[in-house]
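Chain residues, written in single-letter form:
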Amino acid sequence: MQQTLISKITNRLTSTQKKFVAEAIGTFVVVVFATGSVVIDAKTNGVLGIPFIAFAPFVGVALGVYLFGKISMAHFNPAVTVGFMITKHITKIQLIYYFAAEIIGALLGTLFVKYIIGNEANLGANAPNYAFPLPVVFGVEIIASALLMAVILIVVYTKGLKGFGAIVIGGMVGLDIFFLAFISGASMNPARSLAPALVSGMVNDLWLYWTAPFVGTSIVALALRKKFMYSQDI
């Protein structure tokens, strides 16, 4: 029923417009769940903790993939979009409007969090733990992003992993956050990091989230591009 409603809304749009709208809305949902959970946890003085902060993005990503996977392949993440360009699922021209949609969706998501949920915890901006050596922080963020890209490509290759693709991709995001956020922040998503950082003014760590995720997804995409053939069934 939800897919039918989405189809009715977008049936008058061109293919490119559908992808743009899907990526913008999907990224909005992901950012609201991912950053909103951090803000809610801060508002409750950390009572909910990392299980909640990891579970919420799992739900948001799974929901976005379920709703928009067959429209835009459900990137919601510039680093994943670069990975898909490397594997030739999208073109360099498509990369531009994917990036635009993801950033717009992320910014709208952060504004929603700010004015509807709250502005605690720097609006859920990612922050690395500099108690760890910088190479470790950078490496962990690369690993988290690489794991996500690998799972996404497996889902694409298996044409949706028998209907469980959305859960598997969302689950990988949640697991990365649960086990690795205490070191690198486990963003895996430059758009998710960019929006709350810009709106809150906490931009000092953006260099990490606009480098390491791209390295991680690109390594996996380059390594596996010949194996994972084109498919849009997620």
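Below is a short write-up of the structure. This structure is a prediction, so every number in the text was calculated from the model and none was measured. (Residues numbered from 1 in each chain as written. Predicted model: local features only at pLDDT ≥ 70, side-chain atom pairs only at ≥ 80, totals over all residues. Heavy atoms only, no water.)

Examining the side chain of T110
Within the secondary structure layout, T110 lies in helix α5 (residues 92-117). Sequence-distant contacts of T110, that is, excluding residues within four places in its chain, are made with V31, L123, A195, P196 and V199. (Helix = DSSP H or I, 4+ residues; strand = E, 2+ residues; numbered from the N terminus. Contact = heavy atoms within 4.5 Å.)

Here we look at the packing of aromatic side chains
For any pair of aromatic rings, the description rests on two quantities: the centre-to-centre distance and the angle between the ring planes. If you walk through the whole model with that rule in mind, you get nine aromatic pairs. Ring geometry for Y97 and Y98: centres 5.5 Å apart, planes at 20°, overall stacked. A relative accessible area of 15% means that Y97 is categorised as buried. Their ring planes at 35° and their centres at 6.3 Å tell us that F99 and F214 sit as a pair that is tilted. With a gap of 115 residues between them, F99 in helix α5 and F214 in helix α11 (residues 212-224) connect regions that are remote in the sequence. Comparing F99 with F214 shows no difference in burial state: the two are buried. Feature note: the residues F99, W210 and F214 constitute an aromatic cluster, connected by ring pairs. (Phe/Tyr/Trp six-rings, centres within 6.5 Å; stacked < 30°, edge-to-face > 60°. Buried < 20%, exposed > 50% of the residue type's maximum accessible area, 1.4 Å probe, protein only.)

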